[in-house]
Amino acid sequence: MTLTVGVLALQGGFYEHINLLRKASRQLGPRGQDTKLIEVRNSTELSTCDALVIPGGESTTMALVAAQSGLLEPLRKFVKVDKKPVWGTCAGLILLAEAANDTKKGGQELVGGLAVRVHRNHFGRQVESFITDLSLPFLASSPGQNGSGTPAPYSGVFIRAPIVEALLTSEGSPDSPERSPVEIMGVLPGRRTKATAASTTAPDTKPGEVPKDLGDVIAVRQDNVFGTSFHPELTDDTRIHVWWLDQVVERVGGQWR
Amino acid sequence: MGENGDGINLAAPATNGASKKTFAVKAGLAQMLKGGVIMDVTDAVQARIAEEAGACAVMALERVPADIRRDGGVARMSDPDKIKEIQAAVSIPVMAKARIGHFVECQILEALAVDYIDESEVLTPADNMFHVEKSDFNVPFVCGCRNLGEALRRIAEGAAMIRTKGEAGTGDVVEAVKHMRTVKRDIAQAQAALAEGETSVRQLARELGCDAALLKQTAELGRLPVVNFAAGGVATPADAALMMQLGCDGVFVGSGIFKSGDATKRAKAIVQAVTHFKDAKVLAEVSTGLGEAMVGINCDKMKPEEKMAGRGW
């Protein structure tokens with residue numbers, strides 16, 4: 001049976017994701033061979049998907065085009081009700097957050113799914129964009145890593161990138177009482193400490209706030225939803241795509257194998 | 001540019017140490033703009049209309065090309081005040097134009113932290129021999145082209161994004177179509193040369209006046225090695241979808257929006273048209289009842305010296 005993985009193609013770097021997912025499915029060998037990759041622009045296309053990637057791009061554009069294309073509610077259902085695997089990168093992470101700061105005037109529509117608050121354009125304008133090596137421990141369990149040792153650094157491309165600035169408690173949200181807590185999957189060490197040097201003397205962290213000495217949170221997961229601040233689709237490194245697709249195969253495949 | 005003597009490296013380098021500004025970071029923002037519409041705006045009010053319509057970026061200008069054309073005289077970089085006003089109004093990327101070869105205007109725009117600089121033929125050129133050496137800047141550049149040779153010369157100078165020149169301020173898409181078709185034909189020619197061997201690629205590079213390594217890379221990719229938008233004369237959703245179907249990655253709309261009857265509605269319609277460029281039903285829907293399009297100037301009736309696309313070397 002075919003596994004259909006969609007990439008939201010309203011705007012942004014969707015082609016790059018399809019390319020890397022194609023390579024990743026080959027690297028998964030027999031497990032990945034029945035993967036079909038499609039561009040998603042409307043609810044009919046979305047309804048055929050078992051999993052979805054929301055690419056980088058402009059989150060305001062994607063939200064507005066999604067609303068005008070009648071895709072916002074189907075996306076929310078896909079993520080929160082059907083709980084299908086979804087991965088958002090940069091703008092995709094913003095759309096998958098329950099709350100966002102520094103949005104356009106009047107705020108923006110979000111899909112939600114991750115109980116976090118993101119800070120848009122956290123590092124500033126394009127002149128502050130950068131590439132840096134990331135240590136991503138979860139890649140140790142990626143197929144091809146043989147499950148042992150420290151994975152090699154991952155080249156993180158941050159372009160006008162957001163970060164996760166707060167973890168929201170999902171208590172009191174009646175629609176999803178059984179949700180798992182948000183897992184922090186990657187941090188950018190040092191930067192946050194530097195940015196808030198004046199306040200580092202106060203070690204107390206309010207519940208839900210990200211501990212200040214941890215660094216900027218740039219990758220999170222909560223149940224079926226995964227988000228990264230950076231752009232794996234702008235590298236040649238397939239490891240995150242392989243890791244994610246492997247879990248999709250496991251999760252979705254388990255239902256009919 | 002040839003960072004490693006073998007074309008440009010779009011993908012982020014595998015690993016090494018601290019953060020660094022590379023071509024990948026500059027070209028990466030252009031990749032994130034794909035499938036989107038970049039709109040010319042002259043003040044905060046227009047910038048907000050563009051953002052609310054779903055523009056993926058705005059181009060901050062004092063006058064749209066149609067007005068530059070009408071007013072005549074020397075067209076220069078915008079007043080920094082105007083650019084700051086627009087930056088403060090929106091959360092999407094803000095681009096600005098500098099004159100061809102005017103590297104000090106570019107330095108000023110970099111100091112203002114604009115997200116992209118358009119070294120643009122719409123403004124009056126400041127240098128009749130050279131374009132700006134764009135690799136020296138941290139801010140990425142977009143440049144216009146009429147053919148592959150011109151595109152690759154700009155990329156060699158450090159441009160991280162290309163657009164067709166078209167004929168700005170006319171509302172006539174014919175020149176943008178011509179430039180896109182010319183680039184495609186040139187790429188097909190480069191692929192034929194590559195099949196013949198390295199000698200043919202070098203010979204074609206001499207004819208087109210571009211770097212042989214970049215030409216070879218283009219032939220191997222079957223497309224420009226950076227993102228390529230349409231610009232110059234796009235006035236309707238159908239124009240935008242036409243350019244997308246011809247293979248452009250996204251669309252700049254200059255005078256077409258704020259010189260039309262209902263700017264808000266037209267802006268939204270063009271954004272929809274660029275996403276759903278292959279879906280004629282959606283295109284029919286969004287093309288309906290848009291009010292008056294910009295009146296426009298027929299490119300056939302223009303004298304050569306009236307055309308902006310001829311600026312650039």
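Everything numeric in this text was worked out from a predicted model, so none of it was measured.

### Brief notes about the overall build of chain B
- Helix and strand content of chain B: 13 helices and 8 strands.
- Computed over the C-alpha atoms, the radius of gyration of chain B is 19 Å, within 12% of the 20 Å expected from 2.2 N^0.38 for a compact globule of 313 residues.
- The dimensions of chain B, computed from C-alpha atoms along their principal axes, are 55 × 40 × 40 Å.
- In chain B, buried positions account for 61% of the 313 residues.

### Concerning the overall build of chain A
- Across its full length, chain A carries 7 helices and 12 strands.
- Considering chain A as a whole, with its 257 residues, one finds that 56% of them fall into the buried category.
- Residue pairs at least 24 apart in sequence account for 75% of intrachain contacts in chain A once pairs closer than 6 positions are excluded.
- Counting every atom, chain A has about 10200 Å² of accessible surface; 51% of that belongs to carbon and sulfur.

### Focus on the UniProt feature "binding site: D-glyceraldehyde 3-phosphate" (unreviewed entry) in chain B
All names here are of chain B.
- Residues given the UniProt feature "binding site: D-glyceraldehyde 3-phosphate" (unreviewed entry) here are R181.
- Relative to the helices and strands, R181 resides in helix α7 (residues 174-196).
- R181 gets classed as exposed once you look at its relative accessible area, which sits at 51%.

### So, the UniProt feature "binding site: L-glutamine" (unreviewed entry) in chain A
- UniProt feature "binding site: L-glutamine" (unreviewed entry): in the numbering of this structure it lies at G57, E58, S59, R120, I159 and R160 of chain A. Separation in sequence by 104 residues is not matched in space for these annotated residues, since their most distant C-alpha atoms are only 12.8 Å apart.
- In this fold, R120 of chain A is placed in the loop between β6 (114-119) and β7 (130-134).
- Discounting residues that sit within four places of it in the chain, R120 of chain A has contacts with E58, S59, T60, I94, N101, D102, T103, K104, Q108 and P162 of chain A together with S91 of chain B.
- Tracing the backbone shows R160 of chain A in the loop between β8 (154-158) and β9 (163-167).
- Accessibility expressed as a relative area gives 7% for R160 of chain A, which makes it buried.
- Discounting chain neighbours no more than four positions away, the residues touching R160 of chain A are E58, N121, G124, R125, Q126 and S129 of chain A together with L29, S91, I92, P93 and D115 of chain B.

### A word on the UniProt feature "binding site: D-ribose 5-phosphate" (unreviewed entry) in chain B
Residues and elements named next belong to chain B.
- Per the UniProt record, "binding site: D-ribose 5-phosphate" (unreviewed entry) is found at D40, G169, G233, G254 and S255. Considering the C-alpha atoms alone, the annotated residues occupy 216 residues of sequence yet fold into one spot, their largest mutual distance being 12.4 Å.
- Tracing the sequence through the fold places G169 in the loop between β6 (161-164) and α7.
- Overall, the relative accessible area of 8% leaves G169 in the buried class.
- Once residues lying within four places of it in the same chain are set aside, the contact partners of G169 are P65, A66, R69, S255, M294 and I297.

### Thoughts on the side chain of D239 of chain B
Residue and element names in this part refer to chain B.
- Examined against the element boundaries, D239 turns out to sit in helix α10 (residues 237-245).
- No salt bridge is formed by the buried D239. Its closest oppositely charged neighbour is R266, at 7.1 Å.
- At a separation of 2.9 Å, a polar atom in the side chain of D239 contacts the main-chain amide nitrogen of A235.
- Residue contacts for D239: discarding those within four places in its chain leaves V173, G233 and V234.

### As for the environment of F23 of chain B
Residues and elements named next belong to chain B.
- Positionally, F23 belongs in helix α1 (residues 23-33).
- On the basis of relative accessible area, F23 is assigned to the buried category, the value being 3%.
- Sequence separation of F23 and G158 is 135 residues, and the distance between their C-alpha atoms is 8.1 Å.

### Concerning unusual backbone geometry
Residue and element names in this part refer to chain A.
- The backbone of K83 shows a phi angle near 55°, a positive value even though the residue is not glycine.
- Turning to its location among the elements, K83 is positioned in the loop between α4 (72-81) and β4 (86-89).
- The phi angle at D102 is positive, at roughly 60°, despite the residue not being glycine.
- Looking at the secondary structure, you find D102 in the loop between β5 (97-101) and β6.

### As for the UniProt feature "active site" (unreviewed entry) in chain A
- Mapped onto the present numbering, the UniProt feature "active site" (unreviewed entry) falls on C90, H231 and E233 of chain A. These annotated residues cover 144 residues of sequence, but their C-alpha atoms sit close together, with the largest distance between any two at 10.5 Å.
- Here C90 of chain A shows up in the loop between β4 and α5 (91-96).
- Judged by relative accessible area, which is 5%, C90 of chain A ranks as buried.
- Apart from residues lying up to four places away in sequence, C90 of chain A is in contact with G56, I159, A161, P162, T228, S229, F230 and H231 of chain A.
- With respect to the element layout, H231 of chain A can be found in the loop between β12 (225-228) and α7 (239-253).
- What makes H231 of chain A buried here is its relative accessible area of 1%.
- In contact with H231 of chain A, other than residues within four places in its own chain, are G56, T89, C90, V157 and I159 of chain A together with M32 of chain B.
- A polar atom in the side chain of H231 of chain A sits 2.9 Å from the side chain of E233 of chain A.

### Quick word on the pattern of salt bridges
Residues and elements named next belong to chain B.
- Using the criterion set out here, one finds 39 salt bridges over all chains in the structure.
- Taking the shortest distance from any N to any O, the salt bridge between E157 and K134 comes out at 2.7 Å. Of this pair, E157 sits in the loop between α6 (148-156) and β6 while K134 sits in the loop between β4 (116-120) and β5 (141-145), placing them 23 residues apart in sequence.
- In this structure, a network of salt bridges that share partners links the residues R63, D67, R70, D71 and K259.

### Describing the packing of α7 of chain B against helix α8 (residues 198-208) of chain B
Residue and element names in this part refer to chain B.
- For the pair α7 and α8, the least separation of the axes is 7 Å and the interaxial angle reads 150°. Touching Q189, A190, A193, L194 and E196 of α7 are S200, V201, L204 and E207, all from α8.
- For the contact of α7 with α8, the per-class residue count stands at 5 nonpolar, 2 polar and 2 charged.

### Focus on the confidence of the model for chain B
Residues and elements named next belong to chain B.
- On average, residues of chain B carry a pLDDT of 92, and 94% of them reach 70 or more.
- Counting contacts from residues 14-20, a segment whose pLDDT is below 50, to residues more than four positions away or on other chains yields 17 contacts.
- Model confidence for the complex is summarised by a pTM of 0.92, with the ipTM given as 0.91.

### So, the sheet that holds strand β2 (residues 57-60) of chain B
All names here are of chain B.
- Around the barrel, which closes on itself, the 8 strands sit in the order β1-β2-β3-β4-β5-β6-β7-β8 with parallel pairing between neighbours. Strand-to-strand, the axes of this sheet are offset by a mean angle of 30°, without reference to chain direction.
- Pairing analysis gives 3 bridges linking strand β1 (residues 37-41) to strand β8 (residues 250-253), with the strands arranged parallel. Opposite V37, over in β8, you have V251 as the bridge partner.
- The strands touched by helix α5 (residues 103-111) are β3 (94-99), β4 and β5; relative to β3, the strand with the most contacts, the crossing angle is about 160°.

Calculation rules
- Residues numbered from 1 in each chain as written.
- Chains lettered and ligands numbered in written order.
- Predicted model: local features only at pLDDT ≥ 70, side-chain atom pairs only at ≥ 80, totals over all residues.
- Heavy atoms only, no water.
- Helix = DSSP H or I, 4+ residues; strand = E, 2+ residues; numbered from the N terminus.
- Rg over C-alpha atoms; globule rule 2.2 N^0.38 Å.
- Buried < 20%, exposed > 50% of the residue type's maximum accessible area, 1.4 Å probe, protein only.
- Contact = heavy atoms within 4.5 Å.
- Areas by Shrake-Rupley, 256 points an atom, 1.4 Å probe, with all protein chains shown as cover.
- UniProt positions renumbered as here; feature names shortened; annotations may be inferred.
- Lys, Arg positive; Asp, Glu negative; His and termini not counted.
- Salt bridge = Lys/Arg side-chain N within 4 Å of Asp/Glu carboxyl O.
- Polar contact = N/O pair within 3.5 Å; in protein donor to acceptor, adjacent residues only side chain to side chain.
- Axes fitted to C-alpha atoms, helices over the stretch in contact; angles between N-to-C directions.
- Nonpolar A, V, L, I, M, F, W, Y, C, P; charged D, E, K, R; others polar.
- pLDDT = per-residue confidence, 0-100.
- Pairing = 2+ DSSP bridges.

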